[in-house]
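Architecture and fold: a report
Now for the letters of each chain:
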Amino acid sequence: MMNPFQLKIKSYFLILITLTFTNFIYAQTSKEKSHSIIAKGAVLTKLSNQFSFTEGPASDKKGNIYFTDQPNNRIMKWSVNGKLSVFMENAGRANGLYFDHTGNLLACADEKNELWKIDKNKNYTVLINNFEGKRLNGPNDLWVDPKGGIYFTDPFYKRDYWTHTSKEIEKECVYYLSPDKSKIINVENDLVKPNGIIGSSDGKTLYVADIGANKTYSYTIESNGSLGKKTLFTESGSDGMTIDESGNIYLCGNGVTIFNPQGEKIAHIDVPEPWTANVCFGGKKFKTLFITASKSVYTIEMNVRGMK
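Residues numbered from 1 in each chain as written. Predicted model: local features only at pLDDT ≥ 70, side-chain atom pairs only at ≥ 80, totals over all residues. Heavy atoms only, no water.

Let us look at the sheet that holds strand β3 (residues 65-69). The four strands lie next to each other as β2-β3-β4-β5, forming an open sheet whose pairing is antiparallel. The open sheet has two edge strands with one neighbour each: β2 (54-59) and β5 (84-89). Across this sheet, the average inter-strand angle for adjacent strands is 25 degrees, counted without regard to direction. Note that β2 and β3 share four bridges and pair antiparallel. Counted as the bridge partner of Glu-55 is Thr-68 from β3. (Pairing = 2+ DSSP bridges. Helix = DSSP H or I, 4+ residues; strand = E, 2+ residues; numbered from the N terminus. Axes fitted to C-alpha atoms, helices over the stretch in contact; angles between N-to-C directions.)

The next thing to look at is the nonpolar core. Tyr-151, Leu-206 and Ile-249 are the most contacted members of the largest nonpolar core, which totals 23 residues. Elements represented by at least two residues in this core include exactly β14 (173-177), β16 (194-199), β17 (205-210), β18 (215-221), β19 (227-234), β20 (241-243) and β21 (249-253). With sequence-adjacent residues up to four places away left out, Tyr-151 is seen in contact with Asp-141, Leu-142, Trp-143, Asp-145, Tyr-175, Tyr-176, Val-187, Ile-197, Leu-206, Ile-221, Gly-225 and Leu-227. Tyr-250, Phe-281, Ile-291 and Ile-300 belong to the second largest nonpolar core, which has 19 residues in total. (Core = buried A, V, L, I, M, F, W, Y, C linked by side-chain atoms within 4.5 Å. Buried < 20%, exposed > 50% of the residue type's maximum accessible area, 1.4 Å probe, protein only. Contact = heavy atoms within 4.5 Å.)

Our focus in this paragraph is the environment of Glu-172. In this structure, Glu-172 sits in the loop between β13 (150-154) and β14. Residues Glu-172 and Pro-155 lie 17 residues apart in sequence; the distance between their C-alpha atoms is 4.9 Å. With residues near it in sequence (within four places) discarded, Glu-172 still touches Asn-137, Asp-154, Pro-155, Phe-156, Lys-167, Leu-191, Val-192, Lys-193 and Pro-194. In terms of polar contacts, Glu-172 uses its side chain to reach the backbone amide nitrogen of Phe-156, at 3.1 Å. At 2.9 Å, the side chain of Glu-172 and the side chain of Lys-167 are in polar contact. (Polar contact = N/O pair within 3.5 Å; in protein donor to acceptor, adjacent residues only side chain to side chain.)

Glancing now at the layout of surface pockets. Taken as a whole, the largest pocket encloses approximately 820 Å³ of empty space. Lining the largest pocket are 40 residues, with Ser-59, Asp-60, Tyr-98, Phe-99 and Lys-308 positioned closest to its centre. At the level of elements, β2, β6 (94-99), β12 (142-144), β16, β20 and β24 (278-282) are the ones that each hand at least two residues to the lining of the largest pocket. At four residues, the largest contribution of residues to the lining of the largest pocket is made by β24. Of the residues belonging to the lining of the largest pocket, the class tally is 22 nonpolar, nine polar and nine charged. (1 Å grid on protein atoms, 1.4 Å probe; cavity = no way out; pocket = protein on both sides within 12 Å on 5 of 7 lines; lining within 4 Å. Points joined across faces, edges and corners; volume = space filled by probe spheres on them. Nonpolar A, V, L, I, M, F, W, Y, C, P; charged D, E, K, R; others polar.)

Okay, structure coming up:
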């Protein structure tokens, strides 16, 4: 029979063995999940570092990627055949980009605090520049829902190219522009600094990163475009963000961190740059993850496709 001290030592070692085994299984499971979502043997590849600050990648229906070189006021294009070119100069200091359902490129053009629609001939139309007569703070990122309505974030980042220095709208909010572009509604005004935004393919869930509070939330989307139930998705904020066909969410900042639909971290992609700003899927099979990070752009091949 063991004395109390021996029993205590045995219990301690049993707990230690259990914890070690559990951590090993968790580490293996996390590793397996990471490897299952990132293509086997995939390597992060730098496409170019010739920019001042890259942002806002968006994919057209063919998988070509458009992104912004924001300080240089231009929109770049990376084609599926690997060619890099300038798509548009004098781009309204565009930041976030997204394609609508008819192939127009939408841009958060914060030079004059506007939301633009750019056609294939590079002609632009200002869709919105105010809310209830007050100048927007600075549209930053956007997502188009299945109906054609536009959700966009409107944080305040003071720009050196502005003539104004203060807000006309005190709160930094999320807005919804109706599909016919006739009505804008404030759908979220209780965030510190909303930034990245993306929605699910069925149009039922919206994700918004509050970079100011370092949190990301999910919302149910109501039939009129307003937002319903708000749920904390993860204790992590983000700059830009995207979603894949499995509903995994990709957050940016320190590289790219991937969360499953339950908000559990399943993978991380290290990016050797001071800041990772944004991310999207593109390429011929929509399985290439395109990453804008500081002065560079990167790609890495995935086992999942982007949401389309």
